[in-house]
Protein chains: 2
Amino acid sequence: MSELTMIKYIRKRFHKKHSDILIGIGDDGMVLKNGMVLSTDSFAEGIHFDLRYFSMFELGYRTISASLSDLAAMAAEPVCALISLYIPRGTKDSEIRKLYRGFSKVCKKFNCDISGGDIIASPFWGITITVVGKTNRPLLRSGAKPGDYLYTTGYLGLAETGRIVLKEGHKKELFPESIKKHLYPEPRIYEAQKLRRYLNAGIDTSDGLSTDAFHIAEESRVRVLIEKIPIHPEVKLFCKLKKISPVEFILSAGEDFELLITGREIKECSGVKLFQIGKITEGKGVYILTNNKFKRIYPTGYEHLR
Amino acid sequence: MSELTMIKYIRKRFHKKHSDILIGIGDDGMVLKNGMVLSTDSFAEGIHFDLRYFSMFELGYRTISASLSDLAAMAAEPVCALISLYIPRGTKDSEIRKLYRGFSKVCKKFNCDISGGDIIASPFWGITITVVGKTNRPLLRSGAKPGDYLYTTGYLGLAETGRIVLKEGHKKELFPESIKKHLYPEPRIYEAQKLRRYLNAGIDTSDGLSTDAFHIAEESRVRVLIEKIPIHPEVKLFCKLKKISPVEFILSAGEDFELLITGREIKECSGVKLFQIGKITEGKGVYILTNNKFKRIYPTGYEHLR
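Residues numbered from 1 in each chain as written. Chains lettered and ligands numbered in written order. Predicted model: local features only at pLDDT ≥ 70, side-chain atom pairs only at ≥ 80, totals over all residues.

### Some details on the overall build of chain A
Point 1. Counting its secondary structure elements, chain A contains 9 helices and 13 strands.
Point 2. Over its C-alpha trace chain A gives a radius of gyration of 19 Å, about what one expects of a compact globule, namely 19 Å for 306 residues.
Point 3. Each principal axis of the C-alpha distribution contributes one length, and for chain A these read about 60 × 55 × 40 Å.
Point 4. By the burial criterion, 57% of the 306 residues in chain A qualify as buried.
Point 5. Of all intrachain contacts in chain A linking residues separated by at least 6 positions in sequence, the fraction that spans at least 24 positions is 83%. (Helix = DSSP H or I, 4+ residues; strand = E, 2+ residues; numbered from the N terminus. Rg over C-alpha atoms; globule rule 2.2 N^0.38 Å. Buried ≥ 20, exposed ≤ 12 C-beta atoms within 10 Å, placed from the backbone. Contact = placed C-beta atoms within 7 Å.)

Now the structure itself:
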């Protein structure tokens, strides 16, 4: 079962019933009527991270940032995180402390308490983080409107470049920003709050642009047109070395944890970096401009069950 | 690092700072000022459950019940659950559906939505559940007062008897209630709500009586006196077969998910089953009455990192 199929199954079977819930399963997080937003993310050794090139501090930093990114995607302000650890027997206390220092570094930056969780023994490392945030006006995947512009808050493909560079042992000095993006992604919490008033829909770029854009198209019942994708020099270099198309690469490269957002025209917003990469129109599906023609594309991104 | 040491470390390092949080790390759940209660529990194959004698339905039933039990312990009413699954590659869709039917069966009974979560591939089965509840008056571990009575809502040791009977292949027909208690525990959600007005402190019996009572003694800064422990006939039989003391067994046998509560005298409470098993006095530590003398005991219960 793919992640999308599974989400569909769960959603169909478990629609919102409880009177305290505003938005149930299906968005980046769920929303209660009192404005609380909740989201859960899991990370497994060998699937989401590789301890050969992740220090415990980096692991903590990265996983909590990825989790908080779901709150950013909904323009929510963090309140707290509950962290569950699956830890191999024999793990040293000092390792766990380093992991917590990573969590803590990010949490302090975004005024997020670590308020709970549990720790269990397990054959391998696993981390599940539930983040709790609040917002008076959650940004949803379903709010995009024809006429909206499509933006990202940064370059895409950097984190995946960094991951492969580390995994395959390419020259690190050529890819400093890519490596940083993989090990130390930054949730766009403050950017989301600053941009909120311009926006109609949002998601974070965790599954690759084609999949993330697809979610917006599906949930908003609109067409997403991708017109131009900014390509970071390191991504360009990496794709040249790999002899692959940078655009194809970016369409399926996940985990940059930038925002993919739609809304009215934004001339400038107090220093927030933004790329306008496309538009929203009536229709459905995701299209990309190639040789002056829009070509329909389908989700090719990360699916962790594949 | 033991679970208790770890909790102490995390607690010391991460005290409550966020202004929306009423109670942070350390109780059965954390509590927000708006009355929301959150708690997270994880379950790993081979540690918390054994798929040789757990059907997927039973696994779902048991894990969500165990999770909701933390809300019961705080006298909170369930709102929703976020469920994260670590699933071995190649797992059949039908298995996942059966698991969700188990979750669903319990959730329906307690008006709890399944509102989120995620699914990742992993080398083994793991389940992390975050439950969200609400209460105007959370029941805490720290509220016990000298003069209180100590109660449980049912027999203790049954679930652990059931677990060992299944694991070691003893005669199942001799232990029907034990097996039922292991596979289908019932969170005491409604009992907690009915009893709330009598109570000062509470915890659920997940780690063995000695450990659970220890938490109350520590957090409330009181002494817990255990005077008599009711012993279920199946537990008596099992301990006879094993040639062990039923009381010793119960002190470390966890996961019955009954309530261990303290409060004023309760003559009767609309059909809720209750055993009065002891008292709270000034002082500290947990004591048990043996041969007409109180003997100090220490936590011997389940510690999942041992």
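From this point, the narrative continues.
### Describing the relation of the copies chain B and chain A
Point 1. The two copies are related by a screw operation: chain B maps onto chain A through 180 degrees of rotation and 0.0 Å of translation along the axis, at an RMSD of 0.0 Å. Seen this way, the second copy is the image of the first under a two-fold rotation axis.
Point 2. A share of 100% of interface residues in chain B that are also interface residues in chain A marks the association as one of identical surfaces. (Least-squares fit on C-alpha atoms with pLDDT ≥ 70 in both.)

### Focus: the interface of chain B and chain A
Point 1. The partner chain A presents 52 residues to the 52 residues of chain B that form the contact.
Point 2. The element that contributes the greatest number of residues to the side of chain B that touches chain A is strand β5 (residues 113-122) of chain B, accounting for 10 residues.
Point 3. Among the residues making up the side of chain B that touches chain A, the classes are represented as 25 nonpolar, 17 polar and 10 charged. (Nonpolar A, V, L, I, M, F, W, Y, C, P; charged D, E, K, R; others polar.)

### Quick look at the sheet that holds strand β6 (residues 126-134) of chain B
Residues and elements named next belong to chain B.
Point 1. The mixed open sheet is built from 6 strands, whose spatial order is β1-β2-β3-β6-β4-β5. Of all strands in the sheet, those bounded by a partner on one side alone are β1 (21-23) and β5. Averaged over all neighbouring strand pairs, the angle between strand axes comes to 20 degrees, with direction disregarded.
Point 2. Where β1 and strand β2 (residues 30-32) come together, 2 bridges link them in antiparallel fashion. Looking at the pairing, Ile21 lines up with Leu32 of β2.
Point 3. In the packing of helix α2 (residues 56-73) onto the sheet, contacts are made with β3 (36-44), β4 (77-88) and β6, and the angle to β6 comes to roughly 35 degrees. (Pairing = 2+ DSSP bridges. Axes fitted to C-alpha atoms, helices over the stretch in contact; angles between N-to-C directions.)

### Looking at the domain arrangement of chain A
All names here are of chain A.
Point 1. By the assigned domains, chain A splits into domain 1 (3-134) and domain 2 (141-297).
Point 2. Computed over C-alpha atoms only, the centres of domain 1 and domain 2 are separated by 22 Å.
Point 3. At the junction of the two partners, domain 1 supplies 19 residues and domain 2 supplies 20 residues.
Point 4. With 11 residues, helix α2 (residues 56-73) is the largest single contributor of residues to the side of domain 1 that touches domain 2.
Point 5. The residue makeup of the side of domain 1 that touches domain 2, split by class, is 10 nonpolar, 2 polar and 7 charged. (Domains from an automatic or database assignment.)

### Description of the environment of Ile266(A)
Residue and element names in this part refer to chain A.
Point 1. Structurally, the position occupied by Ile266 is in the loop between β10 (259-263) and β11 (275-281).
Point 2. A tally of 16 C-beta atoms within 10 Å means that Ile266 is categorised as partly exposed.
Point 3. Along the chain, Ile266 and Tyr149 lie 117 residues apart, while their C-alpha atoms are 8.8 Å from each other.
Point 4. Ignoring anything within four residues of it in the chain, the contact list for Ile266 reads Tyr198 and Leu274.

### Side note on the nonpolar core
Point 1. With 188 residues, the main nonpolar core has Ala81(A), Val224(A), Ala81(B) and Val224(B) as its most contacted residues.
Point 2. Those residues in contact with Val224(B), other than ones at most four positions away along the chain, are Leu150(B), Ala213(B), Ile216(B), Ala217(B), Gly278(B), Ile280(B) and Val286(B). (Core = buried A, V, L, I, M, F, W, Y, C linked by C-beta atoms within 7 Å.)

### With respect to the sheet that holds strand β1 (residues 21-23) of chain A
Residues and elements named next belong to chain A.
Point 1. A sheet is described by the order of its strands in space; here 6 strands give the open sequence β1-β2-β3-β6-β4-β5, paired in mixed fashion. Each end of this open sheet is capped by a strand with a single partner; those strands are β1 and β5 (113-122). For this sheet the average axis-to-axis angle between neighbouring strands, irrespective of direction, equals 20 degrees.

### Describing the packing of helix α4 (residues 158-168) of chain B against helix α5 (residues 176-183) of chain B
Between two packed helices, both the angle of their axes relative to each other and the distance between the axes serve to describe the pair.
All names here are of chain B.
Point 1. In the contact formed by α4 and α5, the axes pass within 7 Å of each other and the chain directions differ by 100 degrees. The orientation of α4 relative to α5 falls into the category roughly perpendicular. Across the interface between the two elements, Leu158, Ala159, Thr161, Gly162, Arg163, Val165 and Leu166 from α4 touch Glu177, Ser178, Ile179, Lys181 and His182 from α5.
Point 2. Tallied by class, the residues present in the contact of α4 with α5 amount to 5 nonpolar, 4 polar and 3 charged. (Parallel < 35°, antiparallel > 145°, perpendicular 65-115°, else oblique.)

### Regarding the pairing of strand β6 (residues 126-134) of chain A
Residue and element names in this part refer to chain A.
Point 1. Burial of β6 is extensive: 8 of the 9 residues sit out of reach of the surface.
Point 2. Across 9 bridges, the pairing between strand β4 (residues 77-88) and β6 is antiparallel. Within β6, the residue paired with Cys80 across the bridge is Val132.

### Describing helix α7 (residues 209-220) of chain A
Residue and element names in this part refer to chain A.
Point 1. In this model, α7 (12 residues) spans 16 Å end to end at C-alpha, consistent with the 16 Å of a helix rising 1.5 Å per residue.
Point 2. Within α7, 10 of the 12 residues are buried, which leaves it mostly tucked inside the rest of the structure.
Point 3. Among all positions of α7, only Leu209, Ser210, Thr211, Asp212, Ala213, Phe214, His215, Ile216, Ala217 and Ser220 are buried.
Point 4. Those residues of α7 that are buried lie in contact with β8 (199-204), β9 (223-226), α9 (246-252), β10, β12 (285-290) and β13 (293-297). (Expected span 1.5 Å × (residues − 1).)

### Structural notes on unusual backbone geometry
Residues and elements named next belong to chain A.
Point 1. Unusually for a residue other than glycine, Arg221 sits at a positive phi of about 55 degrees.
Point 2. Checked against the element boundaries, Arg221 lands in the loop between α7 and β9.
Point 3. Of note, Asn291 is a non-glycine position whose phi angle comes to about 50 degrees, a positive value.
Point 4. Along the chain, Asn291 falls in the loop between β12 and β13.
Point 5. On the basis of neighbour counts, which here come to 5 C-beta atoms within 10 Å, the residue Asn291 falls in the exposed class.

### Thoughts on the packing of α2(B) against helix α3 (residues 93-109) of chain B
Residue and element names in this part refer to chain B.
Point 1. Following both chains from N to C, one finds α2 and α3 inclined at 40 degrees, their axes separated by 7 Å at the closest point. Our classification of the angle between α2 and α3 gives oblique. The chirality of how α2 crosses α3 is right-handed. Across the interface between the two elements, Met56, Phe57, Glu58, Leu59, Gly60, Tyr61, Ile64, Ser65 and Leu68 of α2 pack against Glu95, Lys98, Leu99, Tyr100, Arg101, Gly102, Phe103, Lys105, Val106 and Cys107 of α3.
Point 2. The class makeup of the residues in the contact of α2 with α3 is 11 nonpolar, 3 polar and 5 charged. (Left-handed = near helix turned anticlockwise from the far one by under 90°.)

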